[in-house]
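# Residue-level structure breakdown
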Amino acid sequence: MKVAVVKNILEANQRIAAENRQAFDERGLLVINLMSSPGAGKTTLLEKTIQLLKGEWKVGVVEGDIQSTYDAERIGKTGAPVVQINTGGACHLDSNMVREALKTLELGNLNLLFIENVGNLVCPAEFQLGEHFKAMILSVAEGDDKPLKYPLMFQESRVLLINKIDLLPFCDCNVNLMEERARAINPSLQIFRVSCRTGEGLEGWISWLRGEMNKQGRS
Ligand code: MG
């Protein structure tokens, strides 16, 4: 009986995710579901990405957090349209929360939408929101063992940004081993080593994003 209940929830989530996806596709919008543990640098990546794409594409953000509007306020300062979802305790976003949030964004005015998931390396990987793909951030301070412990996140992501590489001299992290372990789970994973704080490596991420937009004829 328990199994049936969980299955129904996931099916309902899939159905609404498909509706969200249709709404995105009708407007030619590329949508990325951004995941990481708390403090890995999701919001900082978004601030930098919005700045680097300014004048080129219109970027919007859906912010997911258990509580507070802190991240939405940060994104708001960049001038990008943003809406905050407070999950009130839930450790991930689901497609219904996203559908509600979309009502407050002018999707037709955007080229690219990021959905910043709740900081968590586990459940966000299990829920489709209607995104075109998932991207994840892992910071070097979290350790090179994380792909071994949270494989689903790496398996589900198209892109991995290894962040805070400016901290490598101060961390016991073997970044080559980290990459090797991530690729062992997902050989087609696109990996970028970046520092969202200093800006190092971000041009690789931005030019890859441009390629994705061109590929889908969205730019
Ligand atoms: Mg954040």
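Here the structure is a predicted model, which means the values were calculated and not measured.

Before going further, it helps to examine the coordination of the magnesium ion. Taken together, Thr43 (OG1), Asp71 (OD) and Glu116 (OE) make up the full set of protein donors to the magnesium ion, lying 2.0 to 2.1 Å away. Counting gaps between the donor residues of the magnesium ion yields the pattern T-x27-D-x44-E. Remark: Glu116 occurs in strand E4 (residues 112-116) and Thr43 occurs in helix H2 (residues 42-52); sequence separation between them is 73 residues. In terms of burial, Thr43 and Glu116 fall into one category: buried.

Turning our eyes to something else, we now look at the nonpolar core. One recurring pattern in soluble globular proteins: nonpolar side chains tend to sit buried together. Residues Leu45, Leu112, Phe114, Val159, Leu161 and Trp205 are the most contacted members of the largest nonpolar core, which totals 29 residues. Of all elements in the fold, only strand E1 (30-35), H2, strand E2 (59-65), E4, strand E5 (133-139), strand E6 (157-163) and helix H8 (202-215) reach the threshold of two or more residues within this core. Considering every element that reaches this core, the biggest residue donor is H8, with six residues. Setting aside residues up to four positions removed in sequence, Phe114 forms contacts with Ile32, Leu46, Thr49, Val59, Gly60, Val61, Val62, Trp205 and Leu209. Ranked by size, the runner-up nonpolar core spans 18 residues in total, among them Leu121, Ile162, Cys173 and Ala182.

Attention now goes to unusual backbone geometry. The phi torsion of most residues other than glycine is negative, and most of the peptide bonds are trans. At Ser68, a position not held by glycine, the phi torsion is positive, near 85 degrees. Considering the arrangement of structural elements, one finds Ser68 in the loop between E2 and helix H3 (70-76). Judged by its relative accessible area of 36%, Ser68 falls in the partly exposed class.

With that out of the way, let us pick up the pairing of E4. Among the five residues of E4, five are classified as buried, and the element is accordingly described as predominantly covered. Every second residue of E4 is oriented toward a common face, with Leu112, Phe114 and Glu116 on one face and Leu113 and Ile115 on the other, all of them buried. Pairing of E1 with E4, which is carried by five bridges, proceeds in the parallel orientation. Note on E4: the bridge partner recorded for Ile32 is Phe114. With five bridges joining them, E2 and E4 adopt parallel strand pairing. Paired with Val61 across the bridge in E4 is Phe114.

Time to look at the pattern of salt bridges. A side chain with one charge can pair with a side chain of the opposite charge if their charged atoms come near. Inspection of the entire model under this criterion finds 16 salt bridges. Measuring nitrogen to oxygen at the nearest pair gives 3.2 Å for the salt bridge that ties Asp25 to Arg21. Pair noted here: Asp25 and Arg21 are both in helix H1 (residues 2-26), with a separation of four residues, about one helical turn. For Lys215, the salt bridge is made with Glu212, and the minimal N-O distance between the two is 2.8 Å. Placement of the pair is Lys215 and Glu212 together in helix H8, with a separation of three residues, close to one helical turn. Residue Glu212 is classed as buried on the basis of its relative accessible area, which comes to 4%. One salt-bridge network, in which partners are shared between bridges, spans Arg15, Glu19 and Arg99.

As a further point, take the sheet that holds strand E7 (residues 190-193). With parallel pairing, the seven strands of this open sheet are ordered in space as E3-E2-E4-E1-E5-E6-E7. Pairing within the sheet leaves two strands with one partner each, and these edge strands are strand E3 (82-86) and E7. Looking at each pair of strands side by side, their axes are set apart by 20 degrees on average, direction ignored. Relative to E6, E5 runs parallel, the two being bridged by six bridges. The residue bridging Lys134 from the neighbouring strand is Ser157, located in E6. Of the strands in this sheet, E5, E6 and E7 are in contact with helix H7 (residues 175-185), which crosses E7 at around 165 degrees.

The next subject is the packing of aromatic side chains. Evaluated as defined, the whole model comprises four aromatic pairs. Judged by centre distance (6.3 Å) and plane angle (20 degrees), the rings of Trp205 and Trp208 are stacked. Here Trp205 pairs with Trp208, and both are found in helix H8, just three residues apart, close to one helical turn. By relative accessible area, which is 0% here, Trp205 ends up buried.

What counts and how
- Residues numbered from 1 in each chain as written.
- Predicted model: local features only at pLDDT ≥ 70, side-chain atom pairs only at ≥ 80, totals over all residues.
- Heavy atoms only, no water.
- Donors = N, O, S within 2.8 Å, 3.2 Å for Na, K, Ca; no water.
- Helix = DSSP H or I, 4+ residues; strand = E, 2+ residues; numbered from the N terminus.
- Buried < 20%, exposed > 50% of the residue type's maximum accessible area, 1.4 Å probe, protein only.
- Core = buried A, V, L, I, M, F, W, Y, C linked by side-chain atoms within 4.5 Å.
- Contact = heavy atoms within 4.5 Å.
- Pairing = 2+ DSSP bridges.
- Salt bridge = Lys/Arg side-chain N within 4 Å of Asp/Glu carboxyl O.
- Axes fitted to C-alpha atoms, helices over the stretch in contact; angles between N-to-C directions.
- Phe/Tyr/Trp six-rings, centres within 6.5 Å; stacked < 30°, edge-to-face > 60°.

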